[in-house]
Structure formats: C-alpha cells, structure tokens
Amino acid sequence: MKKLLLFLLVLNFGQRAFCQQQIQKILKGNTLNKFVARPLDDLLDTLSANYNLRIVFERDSVHRFDVVEHFFNEPLNKVLDKVCNQFDLHYWVDAGGIIYVLQNVDDMARLKGLARILKPLERPKRDTVKADTTDEQDIEALYDNKNKPITKAKGEPKQVINIPRKAPGVHLSVTISGRVIDQSTGTPLPSATVHIQNNTLSVTANSDGNFTIFQVPSDTATLDVSYSGYQSEHFKMDADKLSKPLVLGLYPALTTLNEVTILGQKNGVMNTDVKKVGVLQLSPANLDKLPSLGEKDIMRAFQLMPGVGATNESSSGAYVRGGTPDQNLVVFDGFTIYQVDHLYGFFSAFNSNAIKDVQLYKGGFSSQYGGRLSSVTEINGKEGNKNETIYGFDLSLLSLNAFIETPINDKSSLVLAIRRSYQGPFYDKIFKQFNTSTASGFGGGGSGRPGGGGFGEQTTPASHFYDADIRYTYHLNPESILSWSFYSGSDKTDNSRQLQLPSFLGSGSAPSITDYTTYGNLGSSLKWFRQWNKEIHSNTYLTYSSYFNDRNRGTTGTTTDSNGDATSFSNGTVESNNLKDIGFKSEWEWQLSNQIKLLYGGFGSRQHINYDYVQNDTTHLISQHNTALSGGGYTELEIDPNNRLHIQPGFRSTWYQPTGKVYLEPRLSASYVINDNYTLKAATGQFYQYMNEVTREDVLNGNRNFWVLSNGSSIPVGMSRHFMGGISYENDLFLLDVEGYYKVLSGLTQFTIAQTGVGPGGGSQSVDENFYTGSGRTEGIEILLQKKLGRYTGWVSYTLADAENKFAVYGNQYYPADQDIRHEFKAINMYHSNRWNFSAVFIFSTGHPYTAPLSTYSITDAGGNRSTYFNVSAKNAERLPDYHRLDLSATYDLLKINGNKIGSIGLSLFNVYNHVNTWYREYFIQNNAVVITDVNYLGFTPNITFSLRWK
Amino acid sequence: MEIKKYLLKICFAFGWMVTLLISCKKESQDSSTNLPVVQAYLYPGRTLTVKLYQQKSLSDTAKYGTVITGQELYVSDGSNKVKLTESSKGTYTYNDNTFLIAGKTYTLIFNYLSKDVTAKTVMPSKPQNFATQHPAVNYIRPTNAIATSDTLNRFTWDNPDSLNHVLVFDNVDDTFFPLGRGTGFGNNTSNIFDINTERKSAYYVVSNSFPYYGNYQVILLRVNQEYINIIESNSLNSNSQNLLNVPTNVVNGLGIFTALQADTLSFSLNY
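Everything quoted here is computed from the prediction, not taken from an experiment.

Analysis parameters
- Residues numbered from 1 in each chain as written.
- Chains lettered and ligands numbered in written order.
- Predicted model: local features only at pLDDT ≥ 70, side-chain atom pairs only at ≥ 80, totals over all residues.
- Helix = DSSP H or I, 4+ residues; strand = E, 2+ residues; numbered from the N terminus.
- Buried ≥ 20, exposed ≤ 12 C-beta atoms within 10 Å, placed from the backbone.
- Contact = placed C-beta atoms within 7 Å.
- Pairing = 2+ DSSP bridges.
- Domains from an automatic or database assignment.
- Nonpolar A, V, L, I, M, F, W, Y, C, P; charged D, E, K, R; others polar.
- Core = buried A, V, L, I, M, F, W, Y, C linked by C-beta atoms within 7 Å.
- Axes fitted to C-alpha atoms, helices over the stretch in contact; angles between N-to-C directions.
- pLDDT = per-residue confidence, 0-100.

1. A few points about the overall build of chain B
Looking only at helices and strands, chain B features two helices and 20 strands. Within chain B, the proportion of its 271 residues that are buried is 37%. Across chain B, the fraction of contacts at a sequence separation of at least 24, relative to all contacts at a separation of at least 6, is 71%.

Now the structure itself:
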C-alpha cells in the first residue's frame, strides 16, 4: 500500500510543472458574469469548486471580507485582482498550480503548511465545467482532520488517472540531457541542480543551463530540478519526452519566500560553493537587499565575503587573497574587461540589470581560465526575456539606470541596459573626495597650495560616467544559439576653463585651458553555442576589447606684446594609453560518462598597447607601441569516481610571442564529501600573467593607471603558485566554511616615472621610466559562518591574512604589500519582514601599511642651495589606523496583487557613525617642518534608490 | 570515529597556521633616526671639509639639524689616512691642499654611536673647454607661461665619455631685479639654481630659465652619480603611497660625501 502511495505521489509530481500554465489558462480563459454578495471565503470556495482550482487561504482572516460586486464577463484573474486589491490581499500561483491568497508575503510559509494538510476537493471533471458557469455550490469545510494528513494522497486518484500513460515500455540505463530555463522568461538557469529521484545521481547545469546525466536507471525516472530563487520542480520522464529536446522550466519563487527544500540549495544574496574551494556565486537579482551606495554593485558585494578586501573605497577592483585588482581576470560574456570601475574606483563598471550571474574564483581556478595570477571574475549577461517585454528603471541620487528585455521574434531576444550618472550633490561629493585627493599636490617650490602650480583657478569640473550593455540572442535551431554582446563604459571629466591672465604677461584675450580626461572600456563578443549531441557541446567566441585612458590638456589664446603685436599660441600635453585585444576561443565539454567529463579548448589573441605622452604635438616623452600574439590550449578532466570524491586535474599551455616561450600551467582541484554535512576541498596550480596595470605617479595631476605588456626583460611574465584547502560544514540552516591558502608570486612589476628637466630650465623635458620587478607571497585563513534561512539571514566572516612583497628597490627583505591586511571582520545582517528588508553591514579591518617619514635632514648642495629630505621608515613599516564602518539599509518591496515584485524603494546609509577612515597620508615641508595631512575616505553618506519594473 | 579524528587533525593544522601567522608580526623599531648626516664636497686644491649634523624631528623648524661635535674623522686616499680637525663646531677640515687629486678614491671613516660610518667617492678629472656662445644677451619676453620659449644662449663643454655634469647659475648682484612682476616663470625663485645636464655636452638656456636680470656666475660641475642621485630626489611632494628614502653613499649615515671638479665663467642677462 505504501509503495502504491509513493507511486501515486510521484506521478502527481511529474505533472506539476505543467500545472501552473494550465491554471493561468483557466484564470484567463474563464469569465465570471454574476452579481456577488457574500464573504470572500465563500466566493473563493465557489471558484475553487467550479473551475477545478485549488485555492488555499486562511478562512478566519478572509471570512470577514464581504464581496459585493457585479462582475460582467470578467476573466477569473481579473476577478482575483479586483477582490484582492479591494481587501489589500495578494494571490500567488505556485508551480504546482495552487493559488494562495494571503495578506502578507510572509504568510506564504504558513499557507504552504496549510496546503499540505488541506483535503483537496472532490472536483467535477474539467470537461464538465461550462466556461461561463454561474453555478453556486455550497462547499463543505475545507479543513480535514489534522491528525490524518496522509489522506492527501488518497484524495487525488482522479488527478492520477489524468496522467497520460502513452509512454512505451521502460528502458533501462538511459542518458538524459536537457536544458533548465526560467519558464516565465525563457532564459537558461546556470548551475541549476538536477537530481534523479530515488537515486544518488545528480548534476549541476552549466552556464547555458545544459546538463547531461548518464545511466539513469529508467526512462520513466523523475527529475528534481531546483535553482536559487525558483520553485523546485519535479519532472516525470517518459520515452516520448526523451525523444525530443528536453526543456525543464522553473517558476520564480515568491520574492520574499525563504524556503529551501534541498540541502545545498542556495537562496541567499551571495553563496559559497561548498564543493569547490574558493568559489563565490552571486545573483544580482537579490543585491537590493544589501546596503548600496548609489548603485547595486556586484564587485562591492563580493567585497563582503571573506578573502576579498573590503576597505579599498578607491577601487572597485577585487583584492583577492592578497592579490591586486590587475591580477583578477574579469571576463564579461567571454571578453576581458580592463577598466572595471567608474568614478575613481567608487563604483564598478557593471550594470547589474544586464547581468544574469557572477562567479568569483578566489584562486586555484580551472585551466579554462588563464592570464592572471590571482583570481577570476566571470560575469554572464542576461539572455533576455523570450516571452514578453519587460522594462524598468532605477533612480538614485547618483544615476539613472534603464533597461528593456524583449523578444524580437520567436527565435531571438534583446537586452538593452543603459546607465548614466548625473552631477547631483551626491555625485559631486564622491567626485570631490576622490578627485581632489588624487589630483591635488603641492605646487612646485613647496608653495603648499593645492591644485597644482600656476594660476590656481579652481572650478568644479564637469564629469560623468555612463555604460551600456546590449545583448542579442538568436536561436538558430534547437541545438545552436548565437549571441552578440556589446559593452561600453567610460568616465569623462572636462576640467576646461578660462584662465585669468596675470597682467605681467601683457594684454590679450584670456587664454583658455582645455582639460579632458576620458577612460573606459569597450568590448564585444560573438558567441556560438552548439549542442553537438547529448554528450558534447561547445561555446565558441570571437572577442574584442578595447581599453582607453586619455588625457588632453592644452592652452590656447593670444597675447599682445609691448609693441602691440598679437601672437596666438597653442600648446599642451596629450597622454594616451590604449589597449586593443582581439581574440577567439573555443570551449568544449564532453560528458564521457557520469564519472568523467572532459573539458578542452583553444584560444588565441592579439593584444596591442599604445602609450603616448606627447608635449606640444612634437615632443614624445613616452612612446610605446607593443604587440603581443598569444595562443594555446587547455584540457581538464572532471572525475567523480563515486558520490563522495571529485577530482579535477587540468593543464593549460600558452605560447607568448614577445618572449617566444611556451608557458605550462598544471592545475588540480579536488573535493571529498565526508558525510551529509562535511566536505573537504583543496586546489593547487600554476598561473602566468602577461600584462600588468601600472601606475604613473603624478602628484600634480593625479595618478594615471595604464596597461603594459610583458616583454621578458624589463617587464617579466608574472608567475604564481597557489596552494589552498578547506573544510565546510553545512546543515539546513547554517554553513560554516573554513579555507586556508598560500601563494607565491614572482615577476611582479612596479613602475615609476620621473620627469626630469622640468625645473627652472623649462626647456627640454624628458622622462625616465623605471620598471622594478619583485616577488611576493601571501597566506591566510578565511572563516565564514552563514545563516541561510529564516527571517534573519546573513553571515559573519573573519580573515587572518598576510601579503608580502620583495622588490630590490626597497631592500632585500620582504615587506608588507600595499594591500596587506592582517585581520578583517565582516558582519552582514539581513532581516526580512513582509515587504521590508533591513540590512546592517559592519566591516572592520586592520589599517593598511604605509611608509612614514621618521625625521628630516637638510643639506646644502654644491651650488649652495639647501634641500630638506625625509629619512623614511622601512617600506610599509607603519600601519594606518584601523578601518571600520557600519552601513544600514531599508528596502520596501512594491508588489503587484498577484505577488510579482514590481519594484522597490530603498534608503541606504553609508558609514553611519561617520568614522574617519584614512586612505593615505601626505607630507610636505613648510617652514622647514613637515606638515602631515590625512587623506580620508568617505564619511557618512545617505542615499535613496527607487526601482520600477513593468511587463 | 575516523572522521572525527580526521577533523580534529585539520583543526589542529589550521590552529597551527593561525599561530604561525600571528607570530610572524615583525618588530618595526627603527634606529635610523640616530644616523649622522654627512655633507662633504671634495674639490682638488681646496680644504677638505666635512660637516656633521643630527637629523631633525618632523616638527623642527630649524634650517639644519644640530651639529655633531667631538668626533674623530679620518679620510683615506688609499695609501694615506689623515685625521680631520674640528675647525668649528660640527665642521671637520684637513688643510693640505695637495691631498685631493683627480683619479683617487677617498674614503671617509668615523665611529658614531658605536657604528662605523663610511663613505667612498672618486675624484673626477677637470672639465675642459667650458664656453658660452654669448657673454651677454638681452632678455626676450616669452609669449606665455607654458610655451617653450626661444633659446637665449648655449653653454658647451667637452664630454666624450658622457659624464655627469651640473650647471650652477649664481646671480652675483647685490640687488635682484625680477624679470617680471611676481617671481617670473618656472618655479625657481632662488638666485642660485642648478640644472642637471644629463651627461650631455651642451645646455641651452631659454627666457624662462632665469628669475632675475643681472650678472651670473655659471659654474660647470663634473659630478659623480651619487650627487645626481641626491639632487634628483625631491621630498617636497610625497605621500605615504610613494615615499622612498633618498639615495645616499654614506654607510650607516645619511647625506653625501662626494668629489667634484668645477670650471666657471660669467654671463649677463640684460634688460
């Protein structure tokens, strides 16, 4: 009997996936034409009985509402909209086709419990119900004896017999492959979990939502499919279904629903992959639950996790495990992004409205990725809604962000997202904080006047940033998808102004100074996905990425000399760094068996870097034009000899033309599931980097970052080795994850540039470029404790770390690297109550190391001029004060009557108690003594955001 | 049971790593503030003079540090080691004008606060054929503040081996007449300024090279790299992200001990 019961349940689940569509059809297809005057529960009961609907509600609270309304041929969904709206209720259709009527979204969990003990109605058969029936049946009480919940199964034989049983005989050991998608938008769901019911077989869908399972015992197996933020589904297979391309659609969960049915499934804003060492996953859809300063920011969100530095307000780039942002590969839809931030690093360059998901590999990453020493951030853009048009906007005190997702035809869809800042007080505050501090210096001769020498005309420069994402996806056929992705982002500053001419220069029209700075990135990729057969699929990319960082300063005007002759003049400097990266790559996955998956691929690219520093159109201070060709291949095996062990050996080789060498990178990662709760994991590997971002220090006009290619001599190819391991404990409520790492790095590059001949000579200028090379080592332990479920969620993390560098220019000792942080503690707290989300983020970290002057001394040179010099501490021997701050936010969700989230209003408070966090210190000598100025990070800053979506 | 044992081992391993990391913290007691500051320019045929100073605290507004007195200083030319006498407080001299000769290596040795302080320098040869194109030129007003102005004059000398040379312009007038209202162009306001000629054999002066009208003594110095290193360093625009110690050739000390040769001519900038 028990077996039969189970069988019936299974059959029932198999049909669930199609229930929601049916219910939606019923709701839209049937109309009510009647005058109603009765309690709401009575009406719901009637609808339930007459239209074969399962409506769950709390009778006590609903009974007090009286519906007095005349419905004129109104579709049932409109009827529900109307009555729910009238009484401030919501209804929600779940994947199983059950309609929940609730007052608060948090009632959902209680109603679901109720649904389990409710006795389903003995319904009239679907075809016996007339479309416009007005029958009124009195319904017996819906409550069944609570002591007998098992009767649920007994009550459903009628549904069971509706299941089509056309399937031919059962086949043993079949291969099932398919695609998991969002049923409402048609977009694939990467990393969705597909599990064979009553079996240990389980796979995770890849980034295109595809999966393959071998040796499924029967072609009538049931697949359990789950994905973060979606309702878990059960799909009953049969030979008929398996003969066609299998597409498994999930429905989004009610936005605020905190329910997890499968251990290991993640519903949080940010998740840790317990099976892999050093992997973080993030879905931008949940980002609005965290405090944001102006924009939902994926890179800032990662900084809340252990192992990613959180105290670099001047860089959105990821400081991962003692690495620097240029050691983090940022791949967006297959192409590399070189400029990852906006507004002096305060915001990342990625618009979360255009992003599907992001993975951050903190080290020991797969051989599929290469070219960076430390970490990989892989960003996948949205494919776009294939079913209907959605559009919306976000407005904050910083920027306006608008997007549209729309199907073009039945084969293609388009996503367009555009963001632009506007120069409000909030923007200006951040701009000033970072611009004046980076660009200020003290004019020559120790005048101590900020803003650079010359004629200190301080104006507020016009400045803005923008970015745009376009993605067009075209389904060539069921096996092939072509997608084109385009990204463009840039920051522009116009500091042009009219100069007041000092009178000693004679009269004439006042010269005007032009000063344009623009930097950013433009990238595009064409991706071809092809499912060759059930076992093999490939992604092939053509990519282009272009980074630019230009500054154009000039002065034009006329002067009139003492003879009255007017002379016009024009001069200035142009500094331009640009990088063009054209590449192709092809990535293949071949599922050999359930135990072995082979990944392999090839890549090639041409990188060209120009760096020009030109004065008066004629004098080339710096002129670098370098090209590097590179190419190679990788192969990797994913071996799962049993359910517990996972081994992933890989190998990557790259030929790099400027050095003419082939670089070999072995990689290995593994995990072992000790039991349901404990997992051990480890990874190691060798990594090379062929380009570096270096900083040209310019105290008068602001530091400039630019990219250079390794040349094997003054700029070596960087190399690192990672060793990392960890253990995680996970149960239904909590995750405890501990990871340790050790990295050694060599071939690191630092750059200084000394401008000579600028002094009183004013004549010939020249520039000395010095590249220093060194080595480094980093080590650390990260502890993460995360509460995954409930009204209160969040995590605390602690990192103990050490990052050291050794550059001959600073001596023969290892010294703390600039990014070294000993202790870092982060507490992320989120509390959810109905439509409200509150969050509090507290960050504490040891101060960054810095170099301080210990004393001064003065010397008269041979010409008789006295100069004062600093006696400087050992490199980075001092520590800035500890960094800490508290951010708070409150978000109110705007919901439609049917439970769909259509927007939110949020208030964020950054650095609530206005703690003074020091960025760096400036020293200048005035009146023979040293004046020390702290340059600080942002103080208390509030922000408001408003988001709306339509479809 | 087995698992628990395993876990315990891992926990121990992590604990051990934590201890290692914490114990790695370095002591950063820096005694470099006690190092003496040496200032010595060795010219052939002149008295050998070495000045010793203490360093100044950051808030000290005195021009120079306190002089260091009572030390026993020796200078060796490789074969002879002579003792310097403290002719005035903190200034140590050796009066034999024949001691300093081109081509010899001179080493300063003394013991300060139980540390041996040493410095080494090589006397260069005398520059040859130092000449000016014009002994006097009229000042031409430049068109604007930033433009490269016209060449006024050229100074030349022999430099087949690309040695380091520095030009020193010293306005020898009693009263200084600025070229323009304010302090003129460039950022030089001093009546003495020097220019690194970067191993070249000629230097062109332009209108905005000069702050004042008048008579200049132009000194060509043939110098060693240690001298270039210190004059090229500039502490004025520094922050905690880019601070570097100024290079010195004094071991266990700061400052400079260097030999150099000079040649001088006159030049006038007329109104």
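So much for the structure itself; the text now carries on.
2. Overview of the overall build of chain A
Scanning chain A from terminus to terminus reveals 11 helices and 52 strands. Looking at chain A as a whole, 45% of its 951 residues qualify as buried.

3. Concerning the sheet that holds strand 15 (residues 202-206) of chain B
Residues and elements named next belong to chain B. Spatially, 9-11-15 is the arrangement adopted by the three strands of the open sheet, whose pairing is antiparallel. If you trace the sheet from one side to the other, it starts and ends with strand 9 (131-132) and strand 15, each paired once. The pairing of strand 9 with strand 11 (residues 151-156) spans two bridges and is classified as antiparallel. Opposite A131, over in strand 11, you have T156 as the bridge partner.

4. Regarding the pairing of strand 40 (residues 792-807) of chain A
Two faces make up the sheet, and in a regular strand the side chains alternate between them. All names here are of chain A. Bridge count for strand 40 against strand 42 (residues 823-833) is nine bridges, and the pairing is antiparallel. Note on strand 42: the bridge partner recorded for S797 is K826. Pairing geometry for strand 40 and strand 41 (residues 815-816), over two bridges, is antiparallel. Counted as the bridge partner of N805 is Y815 from strand 41.

5. Points about the domain arrangement of chain A
Interfaces are often sized by the accessible area lost when the parts come together. Residue and element names in this part refer to chain A. Looking at the assigned domains, one finds that chain A contains domain 1 (2-161), domain 2 (172-250), domain 3 (270-380) and domain 4 (381-950). Among the elements of the structure, strand 16 (335-336) and strand 19 (355-361) are those that each provide at least two residues to the side of domain 3 that touches domain 4. Each residue belonging to the side of domain 3 that touches domain 4 can be placed in one class, and the counts come to 21 nonpolar, 26 polar and 11 charged.

6. With respect to the environment of B:E72
Residues and elements named next belong to chain B. Relative to the helices and strands, E72 is located in the loop between strand 2 (48-53) and strand 3 (74-76). Along the sequence, E72 and T85 sit 13 residues apart, while their C-alpha atoms lie 7.9 Å from each other. Contacts of E72, omitting those with residues within four sequence positions, involve K83 and F110.

7. Here's the deal with the nonpolar core
If you look at the biggest cluster of nonpolar residues, it comprises 68 residues, and the most contacted ones within it are B:V38, B:L42, B:V50, B:L108, B:L167 and B:L221. By residue number, the principal contributor to this core is strand 16 (residues 212-223) of chain B, which donates six residues. Excluding residues that lie within four positions of it along the chain, B:L221 makes contacts with A:A862, B:H165, B:V166, B:V168, B:L260 and B:A262. One finds A:V330, A:I337, A:L360 and A:A417 within the second-largest nonpolar core, a separate group that totals 63 residues.

8. Thoughts on helix 3 (residues 40-50) of chain A
Residues and elements named next belong to chain A. Summarising burial for helix 3: 10 of the 11 residues are buried, a large majority. Every buried residue belonging to helix 3 is among L40, D41, L43, L44, D45, T46, L47, S48, A49 and N50, and all of these are buried. Once helix 3 finishes, N52 follows within two positions and takes phi at roughly 60°, a positive value.

9. Here's the deal with the sheet that holds strand 5 (residues 98-102) of chain A
Residue and element names in this part refer to chain A. Spatial strand order, 2-5-4: three strands in an open sheet with mixed pairing. The strands lining the two open edges of the sheet, one partner per strand, are strand 2 (54-56) and strand 4 (90-93). In this sheet, adjacent strand axes meet at a mean angle of 20° when their direction is disregarded. Of the strand pairs in this sheet, strand 2 and strand 5 are connected by three bridges, and their pairing is parallel. Each residue of the ladder has a partner; that of R54, found in strand 5, is I98.

10. Thoughts on the confidence of the model for chain A
Per-residue pLDDT for chain A has a mean of 79; in total, 81% of the residues score no lower than 70. Low pLDDT, under 50, characterises residues 121-169 of chain A; the stretch is placed with 54 contacts to residues that sit more than four places away or in other chains.

11. Remarks on unusual backbone geometry
The phi angle at A:N914 is positive, at roughly 55°, despite the residue not being glycine. Assignment of secondary structure puts A:N914 in the loop between strand 49 (901-910) and strand 50 (918-926). For B:S114, which is not glycine, the phi torsion reads 65° and is therefore positive. Along the chain, the position of B:S114 falls in the loop between strand 7 (105-112) and strand 8 (115-122). Owing to 5 C-beta atoms within 10 Å, B:S114 belongs among the exposed residues under this scheme.

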